[in-house]
Amino acid sequence: VELNVGLLGLGTVGAEVAERLLAKRERMAARTGVDLILRRVLVRDLERPRGIPTELISGQAEDILDDPSVQVVVEVMGGEEPARSYLERAIRSGKHVVTANKVVMAKHGPDLLELAGSKDVDVYFEAAVGGGIPLISTFKVDLIANEIESIAAVINGTTNYMLGRMASAGISFDEAVAEAQAAGYAEADPSADVDGFDAVYKLSILASIAFGARVHPDSVFREGIRAVEPLDFRYARELGYEIKLLAYSARPKGRIEARVHPAMIPLHHPLATVEGAFNAVQITGDLVGDVLLWGQGAGGRPTASAVVGDLLDVAHSIRKGSFNRVAMRFDADPAMLPMAEVRTKAYFRLRALDQPGVLAAVGTVFAEEGVSIASMIQKDSIEEGTAELVFTTHPASDAGLQKARGRIADLDQVKRVCAFLRVV
Ligand code: NAP
Ligand code: HSE
């Protein structure tokens, strides 16, 4: 079967997709029976030299979207608009689409999938979450017999690289951002990664598919890594944990829990061992038990692996004349578990006056807010006359933990609550 492909974008991902389509066309055709033909490529800057034949390059989206010979549109431009509109136009004109765009899929995925269903075309988006790690197909196909119980993931490579460097080299958040930028992970404006938006988009896509419910990114609790200080890594080690940006979703008693925040993860937990810019996702299903997927969550080549895999899947659908083979349905307005009701263990680090009664005052607040202390460490602080107190707690409601945090900060004997982290 022949498949005519229009490519929107020729950046980090698009260039690798084009390279694979052009350089391996015959090999892929021989192996899969699918001849993937790259027809046109959209770019913004027509002046920049590109490593592909110039007749393929265009500055006009219409050259792809309005070309009736293009059967599938690959969107690797990024950003919400015009990418979303282009995808919608392609679907409306009966083209299949493949996208790596997590922002569009998190915010508009269910609408695009519904539209595609009505037009009998497919929307594939394996590359939108976890780069080259096969996650979407895992939920859509391989684990479909399961009731998914939970998803626990490290799905942002930039923050994982930064947290790893802060832990191993003792550097500050600002130094870690600079290193991540120099290594090509973080953008000039690192907010999407360090403030947790990127992980929220990815979790919202995974949770939506896993639970068959529309988990909008706005309904995912989000806290980034800016507040984590070098000292917390030392305490984490002492207590037997790594600090990671955790993305977690589950469906306890019919309500969906979805949250992204830094967390202390026990050293023996598989997610604690994810290093550098790698990603890992632990899925728990009622039949299969635990499944762990680990790999490169970003980068042109791993992401192109997912995009081209999707293209071949579309081609197989065309060959069989059967689209939406694995239809996805989403409950439009699922009940979400408010963060206040989520129960976790926690870690508090505070600087307090080193005088009688401080521990009693802090302990009273914890007790009154229903928080049970699991362990306590006291060390001299760098500030004369003050002590550093570190508490870990047993599981408590987030409402109780936050109230305790506020009330402890207000105590006369406490100078500052320096850190609060949830503990797995
Ligand atoms: P990128 O390097 O910035 O490339 C974007 C490409 O799209 C460029 O070729 C750019 O043209 C073109 N483009 C952007 N806006 C355009 C517009 N309005 N009109 C025409 N062309 C436009 O981005 P990327 O890193 O490849 O990422 C692409 C997508 O893949 C994003 O959705 C991203 O989230 C997703 N993704 C990326 C990675 C990764 O590791 N990079 C991993 C997973 C998913 P010019 O070349 O002329 O500027
Ligand atoms: N910025 C993302 C990350 C990669 O650091 O994981 C693209 O999804």
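Residues numbered from 1 in each chain as written. Chains lettered and ligands numbered in written order. Predicted model: local features only at pLDDT ≥ 70, side-chain atom pairs only at ≥ 80, totals over all residues. Heavy atoms only, no water.

Undergrad: I would appreciate a short explanation of the packing of helix α1 (residues 12-23) against helix α12 (residues 300-320) in the present structure.
TA: Helix packing geometry: the angle between the two helix axes and the distance between the axes. Contact pair α1 / α12: the axes reach a minimum separation of 8 Å and the direction vectors enclose 55°. By the angle class used here, α1 and α12 are oblique. Read as a crossing pair, α1 and α12 show a hand that is right-handed. Together, Thr-12, Val-13, Glu-16, Val-17, Arg-20 and Leu-21 of α1 and Gly-300, Arg-301, Thr-303, Ala-304, Val-307, Val-308 and Leu-311 of α12 make up the contact between the two elements. Per-class residue counts for the contact of α1 with α12 are seven nonpolar, three polar and three charged. (Axes fitted to C-alpha atoms, helices over the stretch in contact; angles between N-to-C directions. Helix = DSSP H or I, 4+ residues; strand = E, 2+ residues; numbered from the N terminus. Parallel < 35°, antiparallel > 145°, perpendicular 65-115°, else oblique. Left-handed = near helix turned anticlockwise from the far one by under 90°. Contact = heavy atoms within 4.5 Å. Nonpolar A, V, L, I, M, F, W, Y, C, P; charged D, E, K, R; others polar.)

Undergrad: What am I meant to see in the site of ligand 2 here?
TA: Taken together, Lys-102, Asn-156, Gly-157, Thr-158, Asp-193, Asp-198, Lys-202 and Ala-298 are the residues near ligand 2. Lys-102 places a side-chain nitrogen or oxygen 2.7 Å from an oxygen atom of ligand 2. Coverage of ligand 2 by the protein amounts to 78% of the 260 Å² it exposes when considered alone. Counting residues per element, the ones that place at least two in the shell around ligand 2 are α7 (157-169) and α10 (197-211). For the shell around ligand 2, the class distribution of residues is one nonpolar, three polar and four charged. (Near = heavy atom within 4 Å. Polar contact = N/O pair within 3.5 Å; in protein donor to acceptor, adjacent residues only side chain to side chain. Areas by Shrake-Rupley, 256 points an atom, 1.4 Å probe, with all protein chains shown as cover.)

Undergrad: Just to check I follow, could you spell out the pairing of strand β10 (residues 257-266) for this structure?
TA: Side-chain direction in a regular strand flips from residue to residue, so the side chains alternate between the two faces of the sheet. Extensive coverage of β10 is indicated by the burial of ten of its ten residues. A two-sided burial pattern is seen for β10, the buried positions comprising Glu-257, Arg-259, His-261, Ala-263 and Ile-265 on one face and Ala-258, Val-260, Pro-262, Met-264 and Pro-266 on the other. In terms of strand pairing, strand β8 (residues 221-222) meets β10 through two bridges, oriented parallel. Bridge pairing in β10 places Arg-222 opposite Val-260. Note: strand β9 (residues 241-250) against β10, ten bridges, orientation antiparallel. Bridge pairing in β10 places Ser-249 opposite Ala-258. (Buried < 20%, exposed > 50% of the residue type's maximum accessible area, 1.4 Å probe, protein only. Pairing = 2+ DSSP bridges.)

Undergrad: What should I look at first to understand the site of ligand 1 in this one?
TA: Taken together, 22 residues lie near ligand 1, and Leu-10, Val-13, Asp-45, Arg-50 and Gly-299 sit nearest. Here an oxygen atom of ligand 1 and a backbone polar atom of Thr-12 are 2.9 Å apart. Arg-50 places a polar side-chain atom, nitrogen or oxygen, 2.8 Å from an oxygen atom of ligand 1. Contact with the protein chains hides 79% of the accessible area of ligand 1, taken as 900 Å² for the molecule alone. When the residues that make up the shell around ligand 1 are grouped by side-chain class, the tally is ten nonpolar, seven polar and five charged.

Undergrad: I tried to follow the nonpolar core on my own but got confused; where do I start?
TA: Most often, soluble globular proteins have nonpolar side chains that are buried together. Counting residues in each nonpolar core, the largest one holds 82 residues, and the members touching the most others are Phe-125 and Ile-205. When residues of this core are assigned to their parent elements, the largest contribution, ten residues, is made by α10. In terms of nonpolar packing, the next biggest core, distinct from the first, is built from 32 residues, Leu-10, Met-28, Leu-38 and Val-308 among them. (Core = buried A, V, L, I, M, F, W, Y, C linked by side-chain atoms within 4.5 Å.)

Undergrad: Got a minute to help me understand the pairing of strand β4 (residues 72-75) in this structure?
TA: Side chains Val-72 and Val-74 of β4 all project onto a buried face; the interleaved residues Val-73 and Glu-75 project onto the opposite face, where all are buried too. Pairing analysis gives four bridges linking strand β1 (residues 2-8) to β4, with the strands arranged parallel. The residue of β4 that forms the bridge with Leu-8 is Glu-75. Pairing of β4 with strand β5 (residues 96-99) involves four bridges; the strand directions are parallel. Of the residues in β5, the one forming a bridge with Val-74 is Val-98. Handedness of the β4-helix α4 (residues 83-92)-β5 crossover: right-handed. (Right-handed = clockwise from strand over helix to strand, strands pointing away.)

Undergrad: Any chance you could explain the sheet that holds β5 here in plain terms?
TA: Pairing between the strands of a sheet is mediated by backbone hydrogen bonds and can be parallel or antiparallel. Spatially, six strands are ordered β3-β2-β1-β4-β5-β6 in an open sheet, and the strand pairing comes out parallel. Edge positions in the open sheet fall to β3 (57-58) and β6 (123-124), since each of these has one partner strand only. Running over the sheet, α4 touches β1, β2 (35-42), β4, β5 and β6 and is turned about 155° from β5.

Undergrad: Before we go on, may I ask you to explain the environment of Thr-159 in this structure?
TA: Within the element layout of this structure, Thr-159 appears in helix α7. Separated by 117 residues in sequence, Thr-159 and Gly-276 have C-alpha atoms that sit 8.8 Å apart. For Thr-159, the residues in contact, after removing those within four places along its chain, are Asp-193, Val-194, Ile-225 and Leu-245.

Undergrad: I'm lost on the pattern of salt bridges in this one. Help?
TA: Once their charged atoms are close, side chains differing in charge can pair, the charge on each being opposite to the other. Applying the stated criterion across every chain yields a total of 31 salt bridges. The salt bridge involving Asp-63 is made with Arg-40; its shortest N-O contact spans 3.2 Å. With Asp-63 in helix α3 (residues 62-65) and Arg-40 in strand β2, this residue pair connects regions lying 23 residues apart in the sequence. With a shortest N-O distance of 2.6 Å, Asp-198 and Lys-202 are connected by a salt bridge. Pair noted here: Asp-198 and Lys-202 are both in helix α10, with a separation of four residues, about one helical turn. (Salt bridge = Lys/Arg side-chain N within 4 Å of Asp/Glu carboxyl O.)

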